[in-house]
Amino acid sequence: MKRFFILLLFLPLVGFSQSNNDTTKVWTFGGDASINFSQVSLSNWSAGGKSSASGTFLFNAFANYSKDKVSWENSLNLGYGLMKEEDSQSVKTDDKIDFSSKYGLKGKGKIYYTLLFNFRTQMTDGYKYPDRDNAISTFMAPGYLTLALGADYKPNDKFSLFVSPLTGKMTVVSDDDLSDQGAFGVDPGKKSRTELGAFLKTQFKTTVVENVSLETKLDLFSNYLDKPENIDIHWDVLINMKINDYLSANLITNLIYDDDVDIAVDSNNNGVIDSADDRSPRVQFKELFGVGLNFKF
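This is a predicted model, so every value here is computed, not measured.

Q: Just give me the short version of the overall build of the chain, but keep the residues and values in it.
A: A tally of helices and strands in the chain yields two helices and 16 strands. Within the chain, the proportion of its 297 residues that are buried is 37%. A separation of at least 24 residues holds for 54% of the contacts in the chain among residues at least 6 apart in sequence. Accessible area of the chain: about 17,400 Å², with a carbon and sulfur share of 58%.

Q: How would you sum up the packing of aromatic side chains? Please name residues and give values.
A: Inspection of the entire model under this criterion finds eight aromatic pairs. Taken together, a centroid distance of 6.0 Å and an interplanar angle of 20° make the contact between Trp 27 and Phe 29 stacked. Among the aromatic residues, ring-to-ring pairing joins Trp 27, Phe 29, Tyr 65, Trp 72 and Tyr 103 into one connected group. A cation over a ring is seen here: Lys 154 above Tyr 112, with NZ or CZ 4.4 Å from the ring centre.

Q: Account for empty space enclosed by the protein, with residues named and values stated.
A: Per the counting criterion, the structure on display carries two cavities of 30 Å³ or more. Here the largest cavity defines a volume of roughly 60 Å³. Considered class by class, the residues forming the lining of the largest cavity number no nonpolar, two polar and seven charged. For the second largest cavity, the calculated volume is near 30 Å³. Only strand 3 (70-85), strand 4 (91-106) and strand 5 (111-121) provide two or more residues apiece to the lining of the second largest cavity. With three residues, the top contributor of residues to the lining of the second largest cavity is strand 4. Grouping the constituent residues of the lining of the second largest cavity by class yields two nonpolar, three polar and four charged.

Q: Pulling in residues and values, what's your account of unusual backbone geometry?
A: Note the cis peptide between Tyr 129 and Pro 130, where omega equals 15°. In this structure, Pro 130 sits in the loop between strand 6 (126-127) and strand 7 (135-137). Following Ala 141, the chain continues to Pro 142 via a peptide bond in cis, the omega torsion being 10°. Among the secondary structure elements, Pro 142 is positioned in the loop between strand 7 and strand 8 (143-153). The phi dihedral of Asn 44 is positive, around 55°, even though this residue is not glycine. Structurally, Asn 44 is set in the loop between strand 1 (27-40) and strand 2 (52-67). A positive phi angle is found at Phe 184, which is not glycine, with a value near 60°. Turning to its location among the elements, Phe 184 is positioned in the loop between helix 2 (176-181) and strand 10 (192-209).

Q: Explain the pattern of salt bridges to me, and be specific about the residues and the numbers.
A: For the coordinates displayed, the defined rule picks out 12 salt bridges. The salt bridge involving Asp 176 is made with Lys 191; its shortest N-O contact spans 2.9 Å. Within this pair, whereas Asp 176 is found in helix 2, its partner Lys 191 is found in the loop between helix 2 and strand 10, the two being separated by 15 residues in sequence. In this structure, the salt-bridge partner of Lys 242 is Asp 245, at a minimum N-O distance of 3.6 Å. The structure contains a network of salt bridges with shared partners spanning Glu 73, Lys 102, Asp 152 and Lys 154.

Q: So what's going on with the nonpolar core? Residues and values would help.
A: By size, the foremost hydrophobic cluster in this structure holds 12 residues: Ala 33, Phe 59, Ala 61, Leu 76, Leu 78, Ile 97, Phe 99, Phe 119, Met 123, Phe 139, Met 140 and Val 172. Mapped onto this core, the elements with two or more residues apiece are strand 2, strand 3 and strand 4. Among the nonpolar cores identified, the runner-up in size contains eight residues, and Ala 141, Tyr 144, Ala 183 and Phe 184 belong to it.

Q: Tell me what's going on with the pairing of strand 5, and back it up with residues and numbers.
A: As judged from the 10 bridges shared by strand 4 and strand 5, these two strands associate in the antiparallel manner. Paired with Lys 106 across the two strands is Tyr 112, which belongs to strand 5. Hairpin connection, strand 4 to strand 5: the antiparallel pair is bridged by four residues, and Gly 109 has positive phi, about 65°. Both strand 5 and strand 8 contribute to a ladder of 10 bridges, which runs antiparallel. Across the sheet, Arg 120 pairs through a bridge with Tyr 144, a residue of strand 8.

Q: Describe the pairing of strand 10, naming the residues involved and giving the relevant values.
A: Pairing geometry for strand 9 (residues 159-172) and strand 10, over 12 bridges, is antiparallel. Along strand 10, the bridge assignment pairs Thr 171 with Arg 193. Inspection of the sheet shows strand 10 paired to strand 11 (residues 212-223) by 12 bridges, in the antiparallel sense. From the neighbouring strand, Gly 197 faces strand 11, where its bridge partner is Asn 223. Between strand 10 and strand 11, which pair antiparallel in sequence order, lie two residues; one of them, Asn 211, sits at a positive phi of approximately 70°.

Cut-offs used in this document
- Residues numbered from 1 in each chain as written.
- Predicted model: local features only at pLDDT ≥ 70, side-chain atom pairs only at ≥ 80, totals over all residues.
- Heavy atoms only, no water.
- Helix = DSSP H or I, 4+ residues; strand = E, 2+ residues; numbered from the N terminus.
- Buried < 20%, exposed > 50% of the residue type's maximum accessible area, 1.4 Å probe, protein only.
- Contact = heavy atoms within 4.5 Å.
- Areas by Shrake-Rupley, 256 points an atom, 1.4 Å probe, with all protein chains shown as cover.
- Phe/Tyr/Trp six-rings, centres within 6.5 Å; stacked < 30°, edge-to-face > 60°.
- Lys NZ or Arg CZ within 6 Å of the ring centre and 35° of its normal.
- 1 Å grid on protein atoms, 1.4 Å probe; cavity = no way out; pocket = protein on both sides within 12 Å on 5 of 7 lines; lining within 4 Å.
- Points joined across faces, edges and corners; volume = space filled by probe spheres on them.
- Nonpolar A, V, L, I, M, F, W, Y, C, P; charged D, E, K, R; others polar.
- Salt bridge = Lys/Arg side-chain N within 4 Å of Asp/Glu carboxyl O.
- Core = buried A, V, L, I, M, F, W, Y, C linked by side-chain atoms within 4.5 Å.
- Pairing = 2+ DSSP bridges.

Quick look at the structure:
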């Protein structure tokens, strides 16, 4: 099942690359892959500490079509990272699958009437370390599918603003244990939750200075049927600093707020997460910085 979903994401990109020669006039393809490393080695170090090593793999690809009044943009973003400390098992530091497809028909001026599809999930099990026995997430638990119909304002290649008053969002929890817990906002025992609301997506990319580029994406969703004032947020920022043709440094941040996802904290300070601890929606934040090999195509 997992392999089928991953293959499904790659099929559009494979199919586009096999089109006839005329596609060079209407299709643009590209992307990059990077492998970032960090390592610390200590021996008889009087100040203390642990030796460690970590690595992160990032892959981004796009296939865009533009002809006459038709615009079709497709992107696939993958990320996976591991860290291992001395005398301990490796832990996951990054894990994502994010596929987006946006099909638009040109209207007046810079406006496109657009249908957007987005799919997000992860590849492997996630844990609340040091607990390695009970997964708190896995492939398609959660999985997010968004289908939105609206208008996309694209004044240039750097910026777009998509607004949809009619958006369907489905949260899938395929794992039986997580489903029974009612994880990620689904009713206990259910495998999915469907929401209807409004959606806004904005994207911006630019060159800050020579060899330094910035790309940011912000998604906002409001559920018409349940607490519409509580807006779900998904905000990604990527700063790429090119060192030479093969070396680069990346700074990546991800900020998420989902009103349907309760996150537990150790409120009684007993060192473990249990039923007595507070659970409520909270801002999730992740930051990743790495230097490594970079390949563009």
